[in-house]
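# Structural overview for review
Next come the chains, spelled out residue by residue.
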Amino acid sequence: MKKPKITVIGAGNVGSTTAMRLAESGLGDVVLVDVVEGMPQGKALDLYQAAPVVHHDSILVGTNDYGPTEGSDIVVMTAGLARKPGMSRDDLQDANAKIVAECMSRVAKTSRDAIVIMVTNPLDVMCEVARRVTGFPRERVIGMAGILDTARMRAFIAMEMGVSTESVFAIVLGGHGDSMVPLPRYTTVSGVPLPELLPKEKIDAIVQRTAQGGGEIVKLLKTGSAYYAPAAGVWEMVDSIVRDRKKILPCSVYLQGEFGLKDVWVGVPCKLGASGMEGVFELKLTQEELALLHKSAADVKNQMNKLPADFGV
Ligand code: TXD
């Protein structure tokens, strides 16, 4: 049977780490694309040379053009500028919209049936650029951010309680920005809701640290943003799609009435399988939680409205 072909656009920190995780776990062959001459070729070769030692049979190829990406099953879009200290994700919008539009116009021509996983920031708005430029249905354009945000929350809870991260389950909804909506009520440690385990001040501190989790890393790194955990988030989405696992994962989805929201991208739990985004999992929210989700969606919509009518590609 044919191995899945996975293209990763952008061979920077997130792209190359993602390529490594995908190849080493044997999810498919990987094509790494970047505009910098020689760089994706060098990184792909370097990654492939680890195969005899870490034992995988994935083929890795680096390229500056889209020929080798033709007919990809999955395209992971990571190309674009990353935040520096003091910048918000929205500060990247104009520059990254141009990059995303250019790359997605190439994808639309070379990989018409691909499932696109968006990573470039500001995430939810870049999903809209990809949707408009490719014309792909919402089932095949999905944003990665919620897995990262929930993973951060799970890590902070595990650190606080001294338990395995595996025993902690969390849900974070909303846009991938400061207005994201962590849901402590649906967050559990071995099935027990968080409010029964930690005092409110501790939970509030964890929620706050989660919402600012990306900024914390940017401040520490000084020259860029997080990439190990983001790459792990992409890996989990690809794994659920390639193996048709139908995991319920928090992803940015183009909502069509779910949660009372329409024509806007926000993070919600959805089912990922062989067809891509196979359905939104509409969990019950309190009035207060729903209001926070709507506020977060309004922030995304506001940024979406600043996109040009035409991307010139
Ligand atoms: O949760 C999330 N969605 C995110 C998003 C988590 C972490 C990072 N997030 C965003 O991903 C971040 O804000 C950036 O917008 C992207 C990529 O972050 P990364 O840390 O990988 O940035 P790098 O290391 O600067 O890599 C970007 C690469 C770099 O090699 C450029 O040469 C390349 O993108 N690039 C391009 N490649 C192909 N085609 C074009 N046009 C292009 N332009 C730049």
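Values in this document were obtained by computation on a predicted structure and should not be read as measured data.

## Topic: unusual backbone geometry
In the segment running from Asn-121 into Pro-122, the intervening peptide bond is cis, with an omega of -10 degrees. As for its position among the elements, Pro-122 is in the loop between β5 (115–118) and α5 (123–134). If you check the backbone angles, Lys-222 has positive phi at about 70 degrees while not being a glycine. Along the polypeptide, Lys-222 turns up in the loop between α8 (213–221) and α9 (228–242). Classification of Lys-222 by relative accessible area gives exposed; the value is 56%. Although it is not a glycine, Asp-263 sits at a positive phi angle of roughly 55 degrees. Summarising the element assignment, Asp-263 is placed in strand β13 (residues 262–273). Under the relative-accessibility criterion, Asp-263 is labelled partly exposed at 27%.

## Section: the domain arrangement of the chain
Assigned domains within the chain: domain 1 (5–143) and domain 2 (146–304). For domain 1 and domain 2, the distance between their C-alpha centroids amounts to 22 Å. Together domain 1 and domain 2 conceal approximately 3,400 Å² of surface at their shared face, both sides included; 65% is due to carbon and sulfur atoms. In terms of surface lost to domain 2, no three residues of domain 1 exceed Leu-27, Asp-124 and Arg-138, which account for 21% of the buried area on that side.

## Describing the UniProt feature "domain: Lactate/malate dehydrogenase C-terminal" (unreviewed entry) in the chain
With numbering matched to this structure, UniProt assigns "domain: Lactate/malate dehydrogenase C-terminal" (unreviewed entry) to residues 148–307. The span residues 148–307 is 42% helix and 23% strand, and its two end C-alpha atoms sit 25 Å from each other.

## Some details on the sheet that holds strand β10 (residues 188–189)
Sheet strands line up and pair through hydrogen bonds in the backbone, either parallel or antiparallel. Pairing within the open sheet is antiparallel, and its 3 strands lie in the order β7-β10-β11. Taken across any chain shown, the strands that pair with only one partner, and hence form the sheet edges, are β7 (168–169) and β11 (192–193). Both β7 and β10 contribute to a ladder of 2 bridges, which runs antiparallel. Bridge pairing in β10 links Phe-169 to Thr-188.

## Some details on the pattern of salt bridges
As enumerated under the stated definition, the model contains 16 salt bridges in all. The residue Asp-204 makes a salt bridge to Lys-200 at a minimum N-O spacing of 2.7 Å. Of this pair, Asp-204 and Lys-200 both sit in helix α7 (residues 200–211), separated by 4 residues, roughly a single helical turn. In this structure, the salt-bridge partner of Arg-209 is Glu-216, at a minimum N-O distance of 2.9 Å. Relative accessible area serves as the criterion here: at 28%, Glu-216 is assigned to the partly exposed category. Where salt bridges share partners, they join Glu-128, Arg-131 and Arg-132 into one cluster.

## Observations regarding a nonpolar patch on the surface
Together, Tyr-48, Ile-59 and Val-61 make up an exposed nonpolar region whose accessible area comes to about 230 Å². Relative to the helices and strands, Tyr-48 is located in helix α2 (residues 39–48).

## Digging into the site of the ligand
In the vicinity of the ligand there are 30 residues, among which Asn-13, Val-14, Asp-34, Leu-81 and Met-144 approach most closely. Separating an oxygen atom of the ligand from a backbone N or O atom of Asn-13 is a distance of 2.8 Å. A distance of 3.1 Å separates an oxygen atom of the ligand from a polar side-chain atom of Asn-121. About the coverage of the ligand: the protein hides 87% of its 870 Å² of free accessible area. Looking at the shell around the ligand, the element that brings in the most residues is helix α4 (residues 93–110), giving 4 residues.

## Looking at the nonpolar core
Ile-9, Met-104 and Met-118 are the most contacted members of the largest nonpolar core, which totals 78 residues. The leading source of residues in this core is α5, at 7 residues. A domain split of this core shows at least three residues from each of domain 1 (5–143) and domain 2 (146–304). Those residues in contact with Ile-9 that lie beyond four places of it in its chain are Val-33, Tyr-66, Val-75, Val-76, Met-77, Thr-78, Ala-79, Cys-103, Met-104 and Val-107. In this structure, Val-168, Met-180, Ile-203 and Ile-206 belong to the second largest nonpolar core, which totals 14 residues.

## Some details on the layout of surface pockets
One number sums up the size of the largest pocket: a volume of about 960 Å³. Surrounding the largest pocket, 43 residues form its lining, Thr-78, Ala-79, Gly-80, Leu-81 and Ala-82 being those nearest its centre. Listed by contribution, the elements that provide at least two residues to the lining of the largest pocket are α1 (13–24), α4, α6 (146–161) and α8. Per element, the largest residue contribution to the lining of the largest pocket is 4 residues, and it comes from α4. Of the residues assigned to the lining of the largest pocket, the class counts are 22 nonpolar, 14 polar and 7 charged. Built from parts of two domains, the lining of the largest pocket gets at least three residues from each of domain 1 (5–143) and domain 2 (146–304).

The rules behind these values
- Residues numbered from 1 in each chain as written.
- Predicted model: local features only at pLDDT ≥ 70, side-chain atom pairs only at ≥ 80, totals over all residues.
- Heavy atoms only, no water.
- Helix = DSSP H or I, 4+ residues; strand = E, 2+ residues; numbered from the N terminus.
- Buried < 20%, exposed > 50% of the residue type's maximum accessible area, 1.4 Å probe, protein only.
- Domains from an automatic or database assignment.
- Buried area = accessible area lost by both parts, 1.4 Å probe.
- UniProt positions renumbered as here; feature names shortened; annotations may be inferred.
- Pairing = 2+ DSSP bridges.
- Salt bridge = Lys/Arg side-chain N within 4 Å of Asp/Glu carboxyl O.
- Patch = residues over 30% accessible without salt bridge, like charges linked within 9 Å, V, L, I, M, F, W, Y side chains within 5 Å.
- Areas by Shrake-Rupley, 256 points an atom, 1.4 Å probe, with all protein chains shown as cover.
- Near = heavy atom within 4 Å.
- Polar contact = N/O pair within 3.5 Å; in protein donor to acceptor, adjacent residues only side chain to side chain.
- Core = buried A, V, L, I, M, F, W, Y, C linked by side-chain atoms within 4.5 Å.
- Contact = heavy atoms within 4.5 Å.
- 1 Å grid on protein atoms, 1.4 Å probe; cavity = no way out; pocket = protein on both sides within 12 Å on 5 of 7 lines; lining within 4 Å.
- Points joined across faces, edges and corners; volume = space filled by probe spheres on them.
- Nonpolar A, V, L, I, M, F, W, Y, C, P; charged D, E, K, R; others polar.

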